[in-house]
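Summary of structural features
Spelled out from the first residue to the last, the chains are:
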Amino acid sequence: MRSLILGAAFVLSSLSPAFAGSPFPTISDPVVRAECSDCHMLYQPEMLTKQAWAKMFADLSNHFGDDATLPAETAKLALDVHLAQAADVSTHRQAKRFIKAADGKSVPMRITDTSRFAHKHERILPEVFKRKQIGLKSNCISCHLKADKGDYDFVAKNIKYIWVE
Ligand code: HEC
Ligand code: HEC
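In this text, all values refer to a predicted model and were calculated from it rather than measured experimentally.

1. Focus: the coordination of the iron atom of ligand 2
Distances from the iron atom of ligand 2 to its protein donors, namely His121 (NE2) and His144 (NE2), fall within the range 1.9 Å. Classification of the site at the iron atom of ligand 2 as octahedral follows from its 6 donor atoms and the range of 87 to 179° in their angles at the metal. Residue His121 is located in helix H6 (residues 115–121), and its partner His144 is located in the segment after helix H7 (126–129); the two are separated by 23 residues in the primary sequence. The two residues His121 and His144 agree in class, both being buried.

Structure (structure tokens):
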């Protein structure tokens, strides 16, 4: 079974036009940009709901096993910036796609736990994400080389994606 799946592997060099989408608006505030890209790439607020961001900011000292505590004023500024651009606040097309995919019941704090993320990556075998140059699903920029600019159309050509057909 496994060899059958691996046999279907091919190198993805370009994406179909149907894949094309406009970039997500990024965060412009320089302080928030710096603080929230200290440990990982700067994620775009349009990918999570207001409720999810509020939940995350309610305890930055316990941030996915890390301590991301910020001075109170900076934390407030960062939260405001994320709320203003949240999936259910922003009028951007990309935000609407994320909110449309949300079921309204669960409030994932991870972009990688949203149904939109799952849907867009469902054909990539789990082992691809575990490769040395990727490591984690949340390491968007290892595959989407312009992810920090909000652009997810462009996918690295040197990664051999393994698709489940
Ligand atoms: C001290 C380091 C650190 C800082 C600072 C930090 N983070 Fe994180 N963040 C992490 C770690 C570690 C993870 C979990 C990575 C993983 O396991 O995928 C994470 C995960 C996330 C995720 C979920 C990614 C996914 O799986 O979809 C989001 C969203 C996120 N951080 C937002 C923020 C925001 C917003 C800020 C700024 C307030 C911030 N982070 C600051 C360390 C940090
Ligand atoms: C293993 C490499 C890899 C990683 C890591 C990865 N992606 Fe992707 N992503 C892809 C591929 C390949 C596609 C295209 C899927 C298709 O066309 O069916 C894609 C598609 C997407 C799309 C759809 C783009 C569109 O305009 O329709 C979005 C949005 C996206 N990814 C966001 C993310 C985010 C956010 C992260 C990190 C939290 C991430 N991806 C991590 C490989 C990856």
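2. Comments concerning the pattern of salt bridges
Enumeration according to the criterion identifies 2 salt bridges in this entry. As a salt-bridge pair, Asp80 and Lys76 come within 2.7 Å of each other at their nearest N and O atoms. Of the two residues, Asp80 and Lys76 are both situated in helix H4 (residues 72–84); the distance of 4 residues between them amounts to about one turn of the helix. Notably, a salt bridge pairs Lys149 with Asp148, separated by 3.8 Å at the nearest N-O pair. Using a relative accessible area of 59% as the deciding quantity, one classes Lys149 as exposed. For Asp148, a relative accessible area of 28% corresponds to the partly exposed category.

3. Quick notes on the packing of helix H3 (residues 50–57) against H4
Helices that pack against each other are described as a pair by the angle of their axes relative to one another and the distance between those axes. It is at 9 Å that the axes of H3 and H4 come closest, and there the two elements cross at 165°. With respect to H4, the axis of H3 lies roughly antiparallel. For the element pair H3 and H4, the recorded crossing hand is right-handed. Across the interface between the two elements, Lys50, Trp53, Ala54 and Phe57 from H3 touch Ala75, Ala78, Leu79, His82 and Leu83 from H4. Looking at side-chain class alone, the contact of H3 with H4 contains 7 nonpolar, 1 polar and 1 charged residues.

Definitions and limits used
Residues numbered from 1 in each chain as written. Chains lettered and ligands numbered in written order. Predicted model: local features only at pLDDT ≥ 70, side-chain atom pairs only at ≥ 80, totals over all residues. Heavy atoms only, no water. Donors = N, O, S within 2.8 Å, 3.2 Å for Na, K, Ca; no water. Tetrahedral: all angles 85-135°; square planar, octahedral: opposite > 155°, others 65-115°. Helix = DSSP H or I, 4+ residues; strand = E, 2+ residues; numbered from the N terminus. Buried < 20%, exposed > 50% of the residue type's maximum accessible area, 1.4 Å probe, protein only. Salt bridge = Lys/Arg side-chain N within 4 Å of Asp/Glu carboxyl O. Axes fitted to C-alpha atoms, helices over the stretch in contact; angles between N-to-C directions. Parallel < 35°, antiparallel > 145°, perpendicular 65-115°, else oblique. Left-handed = near helix turned anticlockwise from the far one by under 90°. Contact = heavy atoms within 4.5 Å. Nonpolar A, V, L, I, M, F, W, Y, C, P; charged D, E, K, R; others polar.

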